[in-house]
Amino acid sequence: MRLGLLGPAMDQAGALAAAARALRERLGAERVVYLGTDGALDALVRTWAEELVGANADDANLMARATAACLGADADGIEAFLLHERQRAELRMFESLAGASTRSVELIAGKVAVMLYDKADLVEDDILPATILVFGRSRAPLIKQVGRRWFIAPGSFPEHGVLTIEDTDGELRARRYDTQFQVIEDVLLEAPQSLKMRALGAG
């Protein structure tokens, strides 16, 4: 599984759009989470959906769109409608934090990851079970180990803002990308050596 992370857009809608497309089409992300609180990614996804299927491009209006598009359509018209609706449904891979004070809790390769906007809002209940703590409010990117935990931030646009966390056969890696979406930092998210030594000696 490859999770894409986008930092706050900082009014750089064009850079955010390019990064979201790159994560999906070039970097192979299966999910993308936006760590800003300005609704920029939601607005972008709404625009893309409307370009595919027209206004009122939500699930609630699916039947109305189907009736309007397919009632008098030929086979090619119906196939085009279905294709656009499938492409619209694929946009669900893009998610945003629900709010500035909310957090999303994920399980990645058996490790708890907590994602939120501002690391200052972390509380003990967040930190204790977590191996990975991801936050959005940071101009500069960060991949840093503190004890047994990893603190990760993609940084903000336009200079930074794109990062992935990938699970490959139980091995977690964080990769940071430049503005041309080339890898500029690749970090294995492993436990500290002292913890691994204790684990080896436990038996």
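Residues numbered from 1 in each chain as written. Predicted model: local features only at pLDDT ≥ 70, side-chain atom pairs only at ≥ 80, totals over all residues. Heavy atoms only, no water.

### Description of helix H4 (residues 75–90)
- The terminal C-alpha atoms of H4, which comprises 16 residues, lie 23 Å apart, in line with the 22 Å expected from a rise of 1.5 Å per residue.
- All of the buried residues in H4 are Phe81, Glu85 and Arg88. Along the axis of H4, the buried positions cluster into a sector of 55°, meaning they face one direction only. Exposed and oriented more than 90 degrees from the buried face of H4 are Ala75 and Asp76.
- On its buried side, H4 packs onto helix H2 (40–53) and helix H3 (62–70).
- Between the side-chain oxygen of the N-cap and the backbone nitrogen of aspartate 76 there are 3.3 Å, and the N-cap of H4 in question is aspartate 74. (Helix = DSSP H or I, 4+ residues; strand = E, 2+ residues; numbered from the N terminus. Expected span 1.5 Å × (residues − 1). Buried < 20%, exposed > 50% of the residue type's maximum accessible area, 1.4 Å probe, protein only. Arc of directions from axis to C-beta. Contact = heavy atoms within 4.5 Å. Polar contact = N/O pair within 3.5 Å; in protein donor to acceptor, adjacent residues only side chain to side chain.)

### Some details on the sheet that holds strand S7 (residues 142–146)
- Strand order across the open sheet formed by 5 strands is S4-S5-S6-S8-S7, with mixed pairing between neighbours. The sheet is open, and its two edges are formed by strand S4 (103–108) and S7, each paired on a single side. Between one strand and the next, the sheet's axes are offset by a mean angle of 20°, whatever the strand orientation.
- Here strand S6 (residues 132–135) runs beside strand S8 (residues 149–153); their pairing, made up of 3 bridges, is parallel. From the neighbouring strand, isoleucine 132 faces S8, where its bridge partner is tryptophan 150. (Pairing = 2+ DSSP bridges. Axes fitted to C-alpha atoms, helices over the stretch in contact; angles between N-to-C directions.)

### Considering the sheet that holds strand S11 (residues 183–188)
- With mixed pairing, 6 strands are arranged side by side in an open sheet as S3-S2-S1-S9-S10-S11. Looking along the sheet, the strands with just one partner apiece sit at the ends: strand S3 (94–96) and S11. Taking the axes of each pair of neighbouring strands and ignoring which way they run, one obtains an average angle of 20° across the sheet.
- Relative to S3, strand S2 (residues 31–34) is paired through 3 bridges, and the arrangement is parallel.

### Let's talk about the pairing of S2
- Bridge analysis of strand S1 (residues 2–6) against S2 gives 4 bridges, and the strand direction is parallel. Residue pairing across strands places leucine 3 opposite arginine 31, the latter belonging to S2.
- After leaving S1, the chain enters helix H1 (residues 13–25) and then returns to the sheet as S2, a path that is right-handed. (Right-handed = clockwise from strand over helix to strand, strands pointing away.)

### Remarks on the confidence of the model for the protein
- Per-residue confidence for the protein gives a mean pLDDT of 92; residues scoring 70 or more make up 95%.
- This stretch, residues 196–200, has a pLDDT under 50; its non-local contacts, to residues over four places away or in other chains, come to 2 contacts. (pLDDT = per-residue confidence, 0-100.)

### Here's the deal with the environment of valine 32
- When you line up the elements, valine 32 lands in strand S2.
- Accessibility expressed as a relative area gives 0% for valine 32, which makes it buried.
- Here the alpha-carbon distance between valine 32 and aspartate 58, two residues 26 residues apart in the chain, equals 19 Å.
- With residues near it in sequence (within four places) discarded, valine 32 still touches Gly4, Leu6, Leu23, Met93, Phe94 and Glu95.

### Here we look at the pattern of salt bridges
- Counted under the stated rule, the structure contains 16 salt bridges.
- For aspartate 59, the salt bridge is made with arginine 92, and the minimal N-O distance between the two is 2.9 Å. Taken together, the positions of aspartate 59 in the loop between H2 and H3 and arginine 92 in the loop between H4 and S3 put the pair 33 residues apart, joining distant regions of the chain.
- According to the relative accessible area criterion, aspartate 59 is partly exposed, its value standing at 44%.
- Between arginine 137 and aspartate 118 there is a salt bridge, and its shortest N-O distance comes to 2.9 Å. Linking arginine 137 in the loop between S6 and S7 with aspartate 118 in the loop between strand S5 (111–116) and helix H5 (124–127), this pair joins segments that are 19 residues apart in sequence.
- Taking the relative accessible area as the measure of exposure, aspartate 118 reaches 14% and is therefore buried.
- The network of salt bridges with common partners includes Arg2, Glu166, Glu171, Arg173, Arg175 and Asp186. (Salt bridge = Lys/Arg side-chain N within 4 Å of Asp/Glu carboxyl O.)

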